[in-house]
Amino acid sequence: MTATATVVVPPKQRRELDALRRFAPVLVLVGLVIGLTLKRSDFLSIGQQQQLVESAAPLLVFATGMTVVVMCGGIDLSIAAFAGFASLWFARFVPHLGIGALVAVMLLGAAIGTVQGVIHVKAQIPSFVVTLGGLALWAGLALLQDKPSILIASNSSVLALDGRLVGVPRLAILAGSLALVTGLLMWATPVGRWVRAVGSNETAAYLSGVPVVATRIAAFAFCTMCAALAGCMVAIDQTNGSPGTGRTQLLPTVAAVVVGGTAITGGVGGVGRTVVGVLIVKVLGTGLSIIGIGQKWENILYGALVIVAAALTIDGSKLTVVK
Amino acid sequence: MSIDARPAMRSTGVGTSPRRLGIFARRRTANASAVRARATAGERVLKWGPLAALALLCMFFAWRAERFATVDNLKNVLDQSAVLSIATVGITFVLLLGAIDLSMEGIMSACVMVGALLVMNSRNANDWGLFAVIPVVLVGAAFGLANGLITTRLKVPSFMTTVGMSAVGLGVAQLLFDGDQPRVLDRPLRAWAIGRVFGFTRATLVAVVCIAIGVVIQRHTRLGRYATAIGSAEDIVALSGVNVRRYKALAFALAGAFYSIAAVLLFLKQGTGNDELAVNVNFAAITAAVVGGTLLSGGQGGVLQSIVGVLIVKVLENGLLLLDVQPALQRAVQGVIVVGAVVAATWPLRHRLRVVK
């Protein structure tokens, strides 16, 4: 009974599939930008680009964290709810800690992500169940306070982050460096190999000595930490923390990750692809308002995008039973 | 044997992963008797635990909140459980498969808007009356079928498909809403829906009928029997010649149809069509099903178990409200309850090399 009936995809077809995952998103992005520039000549102007980059920054932070979890083969549905919760605590900490509030909230995020990861790995229940419970928990806890939002005082030192450095929004630089560092870690250190191994074949990874449990837990800790940072970024941008911060960002985040070419089945993908995915999602959003159908179609677009991209990037050969 | 097995398995579209056949099967047989002993104890808890919990909750609230154990309040609880009950009957069929449906809010929102725009309303000249139920149910079933087809044909995991479909449904609802809320002007229809029979609201009676239909489908039709079997061991069901993909897709469609009936009750009770009426229903339904004993791992529980869960959730909600506990805290509590219940139910299955994504 050692021979198992896994459907074997021929190497050539597998290579083509991987090439599709790797290069198709870039082509889509280039096509979108060309199309939009033809439609509206000032699309590539500096003002437009600054706006685009600024609005993409929180999404990039969310998606960077999510990429690592998805590459492990999991998912984190709690990020958007946790970002709201985190933004409240950020606004609460700022008067006492100044810029240290950012670090404190990120540590809080890492701790809570660790808890969610430990429950997922140790109790062996699917990650979407743990994080769905987390979604309800953080959304509920965020709504518990009396005031609808907590203001960040206008003379507060953290608001300096909202400015621009030689024309580039500071928050975008922060998001970009996070993605860059994560990408480098995934590319040049064993961590990246561990994540890929866990996502590709967890049993094989375990048997060959990869610290499977630690990798998975760390991925969830990192993802929730990123969600906390993204919540703080939105709070800085809007000068207040509120339960609704980032509430709508779960779907665009998942869309950005899968559209970039990271397979929802795990093992395949990377932060670089996610950067392309984030740009595609944002350019599409801008494009919708340029051609004039605007926000009303946004939900339908994201929903369809998630399903189509997930279907295209899934490695069918790895799936035996799809639940 | 392995050479013969391959083409057969491939033709049914189902491969068998090493963990089903290799070292794991051996480990399991070694512990089989112990596992069986634990399973029977576990089964007993699963069967009677939720009912006992419901009874304990009722006793507690009757003791602490003096307005709880009145006939009016209990009828009120039943009335408030109606929408959630019908939606939970629907999601039970998906959970039996071992899949999940996170698209309830989107589907219900779309159905609420379609229904509210088809009965006599403040936005257009339609006046379909009770016949509006037919297109609404078709819309719900179509959304559900789309979920099922995408999951089975394109192999996208159900949580992903349904998260996307939820957004599509919400988007459709927003398009139909268009910034102008349709008010339901069909007074006789609203009066019928809100009216009481023997002191129970018609919503309660509609829910009871839906539950009965759900039980019959679950116990006496192929769809219901196969759904349970698929949730227990999908690969074996496929190997015994059942068209797994068809019945999975149908279970999702059935769920969508039940959501749409819940949506009809929702907008008739509310008197307006609004794309935000169905907020938080999905999680409450999953909580109810899981707490009642319809586990997320599939193959266990059923419609009646889920309904016990609905009553637990709603009694808790009502009782905590009477004790002045904030509603926001209840959502947080639901989150903890779901994870806790899943951990408790699947704890015995833990294994060092078990792969859970």
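> Sorry if this is basic, but what is going on with the overall build of chain A here?
A tally of helices and strands in chain A yields 12 helices and four strands. Within chain A, the fraction of its 323 residues that count as buried is 55%. Taking the intrachain contacts of chain A between residues at least 6 apart in sequence as the baseline, contacts between residues at least 24 apart amount to 77%. In the structure as shown, chain A presents an accessible area of about 13200 Å², 69% of it carried by carbon and sulfur atoms.

> Would you mind showing me how to read the overall build of chain B here?
Counting its secondary structure elements, chain B contains 16 helices and two strands. Within the span of chain B, comprising 357 residues, buried residues form 51% of the whole. For chain B, the exposed surface amounts to about 16300 Å²; the carbon and sulfur share of it is 62%.

> I tried to follow a nonpolar patch on the surface on my own but got confused; where do I start?
Where nonpolar side chains cluster on the molecular surface, the patch consists of V26, V30, I34 and L38 of chain A and spans about 380 Å² of accessible area. Topologically, V30 of chain A is positioned in helix α1 (residues 11-39).

> I'm lost on the packing of helix α11 (residues 222-232) of chain B against helix α13 (residues 244-270) of chain B in this one. Help?
In a pair of packed helices, the angle between the axes and the distance between the axes together describe the arrangement. All names here are of chain B. Following both chains from N to C, one finds α11 and α13 inclined at 110 degrees, their axes separated by 10 Å at the closest point. Taken as axis vectors, α11 and α13 run roughly perpendicular relative to one another. Counted together, R222, L223, Y226 and I230 of α11 and V244, Y247, K248, L250, A251 and L254 of α13 form the full contact between these two elements. Its residues assigned to classes, the contact of α11 with α13 comprises eight nonpolar, no polar and two charged.

> Would you take a moment to explain helix α3 (residues 79-97) of chain A for this structure?
Every α-helix winds through 3.6 residues per turn, so residues three or four apart in the chain are directed the same way. Of all the bends found along α3 of chain A, the most pronounced is centred on A91 of chain A and spans about 25 degrees, while P95 of chain A, a proline, follows it within four residues. Backbone geometry just downstream of α3 of chain A places G98 of chain A in the positive-phi region, at approximately 60 degrees.

> What is the right way to look at unusual backbone geometry in this model?
Trans peptide bonds make up the majority, and among non-glycine residues the majority have a negative phi. Residues and elements named next belong to chain B. Its identity is not glycine, yet D178 carries a phi of approximately 55 degrees, on the positive side. Mapped onto the secondary structure, D178 falls in the loop between α8 (158-177) and α9 (187-194). Classification of D178 as partly exposed rests on a relative accessible area of 45%. Phi at N280 is positive, roughly 75 degrees, even though this residue is not glycine. Tracing the backbone through its elements, the reader meets N280 in the loop between α13 and α14 (281-292).

> Quick question: what am I supposed to make of the pattern of salt bridges here?
Two side chains with opposite charge may pair up if their charged atoms get near one another. All names here are of chain B. Per the stated rule, a full pass over the model turns up four salt bridges over all chains. We note a salt bridge from K248 to E234, for which the minimum N-O separation is 3.1 Å. With K248 in helix α13 and E234 in helix α12 (residues 234-239), this pair connects stretches of sequence that are 14 residues apart. Here K314 makes a salt bridge to E317, at a shortest N to O gap of 3.5 Å. Here the residue K314 and the residue E317 both occupy positions in helix α15 (residues 303-322), the gap between them amounting to three residues, near one helical turn.

> Which parts of the structure should I look at to understand the environment of L296 of chain B?
Structurally, L296 of chain B is set in the loop between α14 and α15. Of the residues examined, L296 of chain B reaches a relative accessible area of 13% and is grouped as buried. Ignoring any residue separated from it by four or fewer positions in sequence, one finds L296 of chain B in contact with V129 of chain A together with L95, G98, I100, I286, V290 and V342 of chain B.

> It is not clear to me how the packing of aromatic side chains should be interpreted in this structure. Could you clarify?
What describes a pair of aromatic rings is the distance from one ring centre to the other and the angle between the planes of the rings. Residue and element names in this part refer to chain A. One pass over the full model with this rule turns up 11 aromatic pairs over all chains. Residues F82 and F85 carry aromatic rings whose centres are separated by 5.8 Å and whose planes lie at 40 degrees to one another, so their mutual orientation is tilted. Here F85 and F82 lie together in helix α3, a separation of three residues that amounts to about one turn. Of the aromatic side chains, those joined through ring pairs into one cluster are F82, F85, W89, F93 and W138. Taking the ring centre of W89 as reference, the NZ or CZ of R92 above it sits at 4.5 Å.

> Please clarify how the packing of helix α6 (residues 104-118) of chain B against α14 of chain B should be interpreted in this entry.
Residues and elements named next belong to chain B. At a minimum axis distance of 8 Å, the contact between α6 and α14 shows a crossing angle of 125 degrees. On the basis of the axis angle, α6 is oblique to α14. Residue-level contacts link M104, E105 and M108 of α6 to V281, N282, F283 and A285 of α14.

> Would you mind showing me how to read the confidence of the model for chain A here?
Taken residue by residue, chain A gives an average pLDDT of 86. The fraction at 70 or more is 92%. A low-confidence stretch, residues 1-7 of chain A stays under pLDDT 50, and its non-local contacts, those more than four residues away or across chains, total 15 contacts.

> Which parts of the structure should I look at to understand the confidence of the model for chain B?
A low pLDDT score tells you not to read the predicted coordinates there in detail. Here chain B averages 84 in pLDDT, while 86% of its residues score no lower than 70. Note that pLDDT drops below 50 for residues 1-32 of chain B; the model gives that stretch 35 contacts with residues more than four away or on any other chain.

> Help me out: how do you make sense of helix α7 (residues 190-200) of chain A in this one?
All names here are of chain A. For α7, the full list of buried residues reads G192, V195, V198 and G199. Around the axis of α7, the buried residues are gathered within 130 degrees of arc, so they sit on the same side. Lining the buried residues of α7 we find α2 (46-71), α6 (170-188), α8 (202-207) and α9 (212-238).

> Honestly, the nonpolar core in this entry has me stumped. Any pointers?
Looking at soluble globular proteins, one finds that nonpolar side chains tend to be buried together. Counting residues in hydrophobic clusters, the biggest one holds 186 residues, and the most contacted among them are I75 and F90 of chain A together with M108 and M160 of chain B. Ignoring any residue separated from it by four or fewer positions in sequence, one finds M160 of chain B in contact with I75, V254, I264, V306 and A310 of chain A. The next biggest cluster of nonpolar side chains, apart from the first, holds 11 residues, and it includes F68, V77, I312 and V315 of chain B.

> When you look at the side chain of T64 of chain A in this model, what are you seeing that I'm missing?
Residues and elements named next belong to chain A. Along the polypeptide, T64 turns up in helix α2. Classification of T64 as buried rests on a relative accessible area of 0%. If near-sequence neighbours (up to four positions away) are discounted, T64 is found in contact with L178, A179, T182, F222, V271 and T274.

> What is the right way to read the environment of A285 of chain B from this model?
Residues and elements named next belong to chain B. Summarising the element assignment, A285 is placed in helix α14. Given a relative accessible area of 0%, A285 falls into the buried group. Considering only alpha carbons, one finds A285 and T88, 197 residues apart in sequence, at a separation of 5.1 Å.

So, how was this worked out
Residues numbered from 1 in each chain as written. Chains lettered and ligands numbered in written order. Predicted model: local features only at pLDDT ≥ 70, side-chain atom pairs only at ≥ 80, totals over all residues. Heavy atoms only, no water. Helix = DSSP H or I, 4+ residues; strand = E, 2+ residues; numbered from the N terminus. Buried < 20%, exposed > 50% of the residue type's maximum accessible area, 1.4 Å probe, protein only. Contact = heavy atoms within 4.5 Å. Areas by Shrake-Rupley, 256 points an atom, 1.4 Å probe, with all protein chains shown as cover. Patch = residues over 30% accessible without salt bridge, like charges linked within 9 Å, V, L, I, M, F, W, Y side chains within 5 Å. Salt bridge = Lys/Arg side-chain N within 4 Å of Asp/Glu carboxyl O. Axes fitted to C-alpha atoms, helices over the stretch in contact; angles between N-to-C directions. Parallel < 35°, antiparallel > 145°, perpendicular 65-115°, else oblique. Nonpolar A, V, L, I, M, F, W, Y, C, P; charged D, E, K, R; others polar. Bend = angle between axes of the 7 residues up to and from the residue. Phe/Tyr/Trp six-rings, centres within 6.5 Å; stacked < 30°, edge-to-face > 60°. Lys NZ or Arg CZ within 6 Å of the ring centre and 35° of its normal. pLDDT = per-residue confidence, 0-100. Arc of directions from axis to C-beta. Core = buried A, V, L, I, M, F, W, Y, C linked by side-chain atoms within 4.5 Å.

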